[in-house]
Amino acid sequence: MGMVIWAASLAMAEITGVDIIYLIVSLGIIGIVYTCAGGMRAVVWTDVIQFFILFGGALFTVVFIL
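Structure report, in brief. Throughout, residues of each chain are indexed from 1 in the direction in which the sequence is written. Local features in this predicted model are restricted to residues whose pLDDT is 70 or higher, and side-chain atom pairs enter the listing and the counts only when it is 80 or higher, whereas totals over whole chains, interfaces and linings include all residues. Think of the side-chain values as coming from all heavy atoms in the structure, minus any hydrogens and water.

Some thoughts on the overall build of the chain
Point 1. The secondary structure listing takes helices from DSSP runs of H or I that are at least 4 residues long and strands from runs of E that are at least 2 residues long, numbered from the N terminus. Each helix and strand counted, the chain has two helices and zero strands in total.
Point 2. Over its C-alpha atoms the chain spans a radius of gyration of 15 Å, topping by over 25% the 11 Å that the globule rule assigns to 66 residues.
Point 3. Dimensions of the chain, computed from C-alpha atoms along their principal axes, come out at roughly 40 × 35 × 15 Å.
Point 4. Categorising residues by exposure relies on relative accessible area from a 1.4 Å probe, with only protein chains included: less than 20% of the type maximum marks a residue as buried, more than 50% marks it as exposed, and the intermediate range marks it as partly exposed. A total of 66 residues make up the chain; the buried ones form 8% of that total.
Point 5. Per element, the accessible surface of the chain, about 5,500 Å² overall, is 81% carbon and sulfur. For the radius of gyration, the atoms used are the C-alpha atoms, and the globule rule reads 2.2 Å times the number of residues raised to 0.38. Throughout, the Shrake-Rupley method with a 1.4 Å probe supplies accessible areas, and for residues the shown protein chains are the sole cover considered.

What follows is the structure in structure tokens.
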């Protein structure tokens, strides 16, 4: 999870110009609040949706390269 938060923060820092430390803390807090508010069920469904988005992106990349 640390790598995921760091990578997302790095991309957002490049786009927005905000210091990466603030973004890492903000994303961590958002993730904790989201997990507490929605419970593990919400987190699991979010992971399922993320899997299909990432898989679709990978599939699109392979098709585009071919």
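Description of helix H2 (residues 20-65)
Point 1. Relative to the 68 Å expected for 46 residues at 1.5 Å per residue, H2 spans just 33 Å between its end C-alpha atoms, considerably shorter than the ideal helical length.
Point 2. At every residue, the bend is computed as the angle between two fitted axes, covering the seven residues ending there and the seven beginning there respectively. The principal kink in H2, of about 115°, is found at Gly-39.
Point 3. Listing the buried residues of H2 in full gives Leu-23, Gly-28 and Val-43.
Point 4. The contact criterion used throughout is that any non-hydrogen atoms of two residues lie within 4.5 Å. Turning to H2, the residues buried within the fold contact helix H1 (2-16). One less than the residue count of a helix, multiplied by 1.5 Å, gives the span that helix is expected to have.

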